[in-house]
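# Chain and residue survey
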Amino acid sequence: MKNYLKKIILAGLSGAVLVPALHATTISLVTVGGNASIKLVEDRLTNSVGGLLPGGSITFNPTNSLIFEATGNLNGGSTNVTWDFNFTGGAGAILDIASQNHVQLANTNSGAGPVSAIPVNAISIVAPETVGISSSALGIHQDYDLVVPLVYVKNNGADLVGVSNITQRLANYLESSGGTLPATYFGGATANTVYFVGRNAIAAVRQVIDANIFFTGSADNFHTNSLGQPTDAGWDGAGSGSEVAANVAAIPGSIGTVAAQDAGSLTKLSYEGVPYSTNNVINGTYPLWGYERYIYFPSPDSRAPSANQLALIQALENAVSAPSYQTNSLFNGKFVTFNAVNASVSRQTTLDGGLIESTVY
């Protein structure tokens, strides 16, 4: 199990995909990362239409669906691929790459293959520098494929009726004082308590949100107990956006932070008066987002992916950001390509939460 404190101290289409010719008959790869775009990755791996491993299969770890193994034949040919993913935290993933940590795999049967391995690359929406890692000093390479928007969502019950916006100051107060603030403090309909449901410290979503709202303390996270009641006793935050969404839906008067893909039917709050939309991300008015990056050591570093592994990594990058895929329901309204944002705004990539400047005059 990952050590949260250590990680923070050290640190987090429809359409054809053209893949370079791969000469090996079997390719194995281990990738770590966050789960902000996990639905895109799973779909682009094994979807029978346009997937890298069309008609392939995904096997999940018995106790954690964020750890899985995709297997199949590349582009339906004769090259067999076994690709393991541990998507338990984008901030933690950066430490795994930096320190070459073994990570848990989907397989738990030691007689049938490895149960842990050192990752080859990481996928994360948090900059290494945000979690205390110098990418230049470490010598890692980063490819940018997507911008992943993040949102505040609220419980749709009576307590927060009329609440449609959260400010930077309110967001900061909520994270440090959840469970003590009344709904009226946020413009709600009652004086009942508002609870904060956020991600754990190794989550890239947590790190990017905190960088944007200038929060540097310890989050006061709440989740439900076996009776569906809010409790924060010994709980450091959710391991996935879907867990946040489930808790927010269950806890009256709660507000949480998720990637846009995980908002579901929950009401999204505007931030500083700007409603969430991919257009507002592109035009630079909605600031809660992070650059998704594919991180690996470049050749000739001994930790670099092989030529075949790198071809797979880059094929996945291209698959999730392909223009032909952007109308897919998993992508549309939830993600923005790096090129779309980069064409209209400029923002620092080496540290999250920075100034957004328009490049369109």
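Residues numbered from 1 in each chain as written. Predicted model: local features only at pLDDT ≥ 70, side-chain atom pairs only at ≥ 80, totals over all residues. Heavy atoms only, no water.

## A word on the pairing of strand β7 (residues 121–124)
The side chains of a regular strand alternate between the sheet's two faces. The cut-off we apply is this: Each residue's exposure class comes from its accessible area (1.4 Å probe, protein chains only) as a fraction of the maximum for that residue type: buried when under 20%, exposed when over 50%, partly exposed otherwise. Helix and strand assignments follow DSSP, with helices taken as H or I runs no shorter than four residues and strands as E runs no shorter than two, numbered in order from the N terminus. Only strands that DSSP links by at least two bridges are regarded as paired with each other.
Alternating residues of β7 divide into Asn121 and Ile123 and Ala122 and Ser124, and every residue in both groups is buried. Looking at chain direction, strand β1 (residues 26–33) and β7 are connected through 3 bridges and run parallel. Bridging from a neighbouring strand, Thr31 pairs with Asn121 of β7. Looking at chain direction, β7 and strand β16 (residues 289–296) are connected through 3 bridges and run antiparallel. Considered in β16, the bridge of Ala122 is made with Ile295.

## Points about helix α6 (residues 204–213)
For α6, a buried count of 10 out of 10 residues is recorded, marking the element as mostly surrounded by other parts of the structure. Of all the positions in α6, only Ala204, Val205, Arg206, Gln207, Val208, Ile209, Asp210, Ala211, Asn212 and Ile213 are classed as buried.

## Details of the environment of Ser136
Locating Ser136 in the fold gives a position in helix α4 (residues 135–138). Given a relative accessible area of 64%, Ser136 falls into the exposed group. C-alpha of Ser136 to C-alpha of Gly290: the two residues are 154 residues apart in sequence and 19 Å apart in space.

## Brief notes about the confidence of the model for the chain
When pLDDT is low, close inspection of the predicted coordinates is not appropriate. So the rule is basically this: The predictor attaches a confidence to each residue, called pLDDT, with possible values from 0 through 100. Contacts between residues were defined by any pair of non-hydrogen atoms, one from each residue, lying within 4.5 Å.
On average, residues of the chain score 91 in pLDDT, and 92% of them reach the 70 mark or higher. The low-confidence segment residues 1–18, where pLDDT is below 50, has 55 contacts with residues more than four positions distant or belonging to other chains.

## Considerations on empty space enclosed by the protein
For the record, the criterion: In this analysis, the protein atoms alone were mapped onto a 1 Å grid. Cavities are point sets where a 1.4 Å probe fits without being able to get out; pockets are open sets with protein on both sides within 12 Å along at least five of seven lines; lining residues have an atom within 4 Å of a point. Grid points are joined across faces, edges and corners, and a volume is the space filled by probe spheres set on the points. Under the scheme applied here, ten amino acids are nonpolar (Ala, Val, Leu, Ile, Met, Phe, Trp, Tyr, Cys and Pro), four are charged (Asp, Glu, Lys and Arg), and all others, including Gly, are polar.
Of the pockets and cavities examined, the largest cavity occupies roughly 80 Å³. Taken together, 13 residues form the lining of the largest cavity, with Gly34, Asn35, Ala36, Ile125 and Ala204 sitting closest to its centre. Looking at the lining of the largest cavity, the elements with two or more residues in it are β7 and α6. Tallied by class, the residues present in the lining of the largest cavity amount to 6 nonpolar, 5 polar and 2 charged.

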